[in-house]
Amino acid sequence: MSNNAIEVDQAQFAGEVEQSELPVFVDFWAPWCGPCKALAPLFDELAQIYAGRIKFVKINSDDNKEVATRFDVRSLPTMLLLNKGKELERITGAQTKSRLTAILDRHVAAPIAAAPVQPAKHWRAFYGDEALKKSVIDRVREHAAADRIRAFGNTSPVFDAESGACSLIGAALHGIDLDRYEGTYGIPAHVALLEEFVHTFISEEVTAEDGSTYYSLRGATGEYPLQWLDAIPPGADLQSVTPRFLHGFLIDLIDAPLPFGGAVADDIKPAVRSLAALHAREAAGDMPSAALWKAAREAVAATAPDNTKDFVSWAVATGADTVGWRTPELGHAIQSALSLVWFGLRETAIRHACSNEEWTAREAAMAAAREKWNSDPEASQETREAYAEVKALRALQAQWQPTDDAQQLKLKREFGERWHRILMQALAAATQQGAK
C-alpha cells in the first residue's frame, strides 16, 4: 500500500474510497484554487504520518462533478473523512497541521511519533572551506545580476536549465536536490528553505517585454541572500538557525508594533510567548517533549479569536499554531505561517489608505455582491458573475487595484525586511553558540 496521497477519478472512487478497509480522507480540489495548492504539501505529509491508519485520496472536483455534487461540495478546499462511504468529518478551507491531526486522531489511534527523530548529523557549513563558500556566493551573485533568481511560489527549489530561471537554492546548487545540497554544502535543508522563502518573499514584480509578469530579486533587497551567505562562517553548525528564527519571529509579532497600526489581542500573547519559548529550548539543545508541543499548540488555538471579528489576531494565533512543532516535523509550515501573517495584515494595510467613507462604501459593495452571489447555490460561476451587484463590485475593484497593490507592496517590504533581520540575528546566535 502506498504511503502517499493518491489521485482518483469518478470511475475509481467506489473501489478506492467506498470499498476501502481503512477510513479515507478525501481532498476535493481544483487547479484554480489557491488554498488547495497551499494545502497540498501538508496533505501529502499527513499521508506519510497516518500511513496504515488512514488512506489519503485527492479528487479534482472540476473533472469529477458528479462525485462533488453527490457529497454537496460547494467550496474548495473541502476535505471529508469517510468510512465505507459514510461521512465522519467535513472540513472546509485552509487548515493548520495541528487542526487536521486533532480531527483525524478522534477516529484512529494517534501516530506514536509524527516524525521519528533521525540520527544526529554533524553539520559543518561549506565543510570549513572558504573557497567553496566563495564559489557559492559568486554563483548566486552571477544569477542575481542576470535577473534569473525568481520567486516561484513553490515549496520546493527550482532550477530551469533551459530558461536559466531559478530559486535561491537552485542558483546555489545548479540543481534542486535537497539531499545533494546538504551533502555539498553542509547546511541543513530546512535552513536553506527558510532562507529562500524569507528572501524571495521581498522580491519585486517585474513586467517582461512580452507583457508577462514575474517576481525577481532586485535592488537593495536583492543583496540580502549575499549578506546571508557572506555571514556564514565556514565550518559553522547552522542546525539551530530555524528554531532561533521561529522564536524571534513569534516574539516580534507580539512585542513589536505591527505595520499600519495592526494590533494583536493581549489575551493571545501569553500562549504565543510560551510556544516561542519551546523553540528557544530546542535551539539550545533541550528538545521539549511531543506532549509539551501539543499542549502549547492547543493553548494557542484556544485563544484564537473569530476571524470575522479580529482577523489580525486570528492570523497571528493561527500562524503560531502552524509552526508549533519541532524542526523535523515542520515540513513547509514556516512558509505557510509567514504567508498567513502577511495575509492577516493585508486588509489593515489597504484600509489604512482609505478614508472612513471610502471603506464604508467598499464594505457595502462587497456585502451586496456576496449576498447576491449566495442567493442561488445552484447557479454557475458564469451566471453569478453576470449579476448586477457582482459586476458593480468588479468595476470598483478595478478602480481600487492600484492603491491596494501599492499598500500590499509596502506591507511585503516591511515584513521582508523584518524577517531578514530576524534571520540574520538567528544566524549570528547560532554561530556564536557553536564557537563557545
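This is a predicted model, so every value here is computed, not measured.

Q: Could you give me a rundown of the confidence of the model for the protein, with the residues and numbers involved?
A: Do not read the predicted coordinates in detail wherever pLDDT is low. Of all residues in the protein, 95% have pLDDT values of 70 or greater, and the mean over the chain is 90. Counting interchain partners and residues more than four positions distant, the pLDDT-below-50 stretch residues 112–117 has nine contacts.

Q: Would you mind going over the state of the cysteines in detail, with residue names and values included?
A: Linking two cysteines covalently via their sulfur atoms produces the bond known as a disulfide. Counted by the stated rule, this structure contains one disulfide. The disulfide partner of C33 is C36, and the gap between their sulfur atoms is 2.4 Å. On the S-S bond that ties C33 to C36, the torsion sits near 80 degrees, and the link is right-handed. The exposure classification of C33 matches that of C36, with both residues buried.

Q: Report on the nonpolar core, specifying residues and quantitative values.
A: Ranked by size, the top nonpolar core spans 72 residues in total, and within it V241, F245, F249 and W419 carry the most contacts. For this core, the element with the most residues is helix 17 (residues 388–435), which contributes nine residues. When neighbours within four sequence positions are excluded, V241 is seen to be in contact with V191, L194, W228, L423, A426, L427 and A430.

Q: A description of the sheet that holds strand 1 (residues 6–7) should follow, citing residues and the corresponding values.
A: Pairing in this open sheet of five strands is mixed, and the strands run 1-3-2-4-5 from one edge to the other. Looking at the sheet topology across the chains shown, the edges are occupied by strand 1 and strand 5 (86–92). Here helix 1 (residues 10–18) sits on the sheet in contact with strand 1, strand 2 (24–29), strand 3 (55–60) and strand 4 (78–83), set at roughly 150 degrees to strand 2.

Q: Provide a residue-level description of the environment of L104, including the pertinent values.
A: Among the structural elements, L104 can be located in helix 4 (residues 97–105). L104 gets classed as buried once you look at its relative accessible area, which sits at 0%. Put simply, L104 and E347 are 243 residues apart on the chain and 33 Å apart in space, counted from C-alpha to C-alpha. Among residues more than four places away in sequence, those in contact with L104 are F25, Y50, I54, F56 and L81.

Q: Explain the side chain of K133 to me, using residue names and the numbers behind them.
A: With respect to the helices and strands, the residue K133 is situated in helix 5 (residues 130–145). Here K133 sits buried without a salt bridge, and the closest side chain of opposite charge, E130, lies 4.2 Å off (N-O distance). A polar contact of 2.8 Å, which involves the side chain of K133, links it to the backbone oxygen of I232. In this structure, K133 is in contact with F126, L229, D230, I232 and P234, ignoring residues within four places of it in sequence.

Q: Which residues make up the environment of L340, and what values do they have?
A: Examined against the element boundaries, L340 turns out to sit in helix 14 (residues 333–352). The spatial distance from the C-alpha of L340 to the C-alpha of T322 is 9.5 Å, given a sequence separation of 18 residues. Residues contacting L340, with those up to four places away along its chain left out, are W314, A315, T318 and G319.

Q: Can you lay out the pairing of strand 2 for me, pointing to particular residues and giving the numbers?
A: Where a strand is regular, its side chains alternate between the two sheet faces. The buried fraction of strand 2 amounts to five of the six residues, a majority that puts the element mostly inside the structure. The pairing of strand 2 with strand 3 spans six bridges and is parallel. Paired with D27 across the bridge in strand 3 is K58. Read from strand 2 through helix 2 (residues 34–49) to strand 3, the crossover connection turns out right-handed. Pairing between strand 2 and strand 4: five bridges, direction antiparallel. Residue V26 lies in a different strand from strand 4, and its bridge partner there is L80.

Rules and cut-offs
- Residues numbered from 1 in each chain as written.
- Predicted model: local features only at pLDDT ≥ 70, side-chain atom pairs only at ≥ 80, totals over all residues.
- Heavy atoms only, no water.
- pLDDT = per-residue confidence, 0-100.
- Contact = heavy atoms within 4.5 Å.
- Disulfide = S-S within 2.5 Å.
- Buried < 20%, exposed > 50% of the residue type's maximum accessible area, 1.4 Å probe, protein only.
- Core = buried A, V, L, I, M, F, W, Y, C linked by side-chain atoms within 4.5 Å.
- Helix = DSSP H or I, 4+ residues; strand = E, 2+ residues; numbered from the N terminus.
- Pairing = 2+ DSSP bridges.
- Axes fitted to C-alpha atoms, helices over the stretch in contact; angles between N-to-C directions.
- Lys, Arg positive; Asp, Glu negative; His and termini not counted.
- Salt bridge = Lys/Arg side-chain N within 4 Å of Asp/Glu carboxyl O.
- Polar contact = N/O pair within 3.5 Å; in protein donor to acceptor, adjacent residues only side chain to side chain.
- Right-handed = clockwise from strand over helix to strand, strands pointing away.

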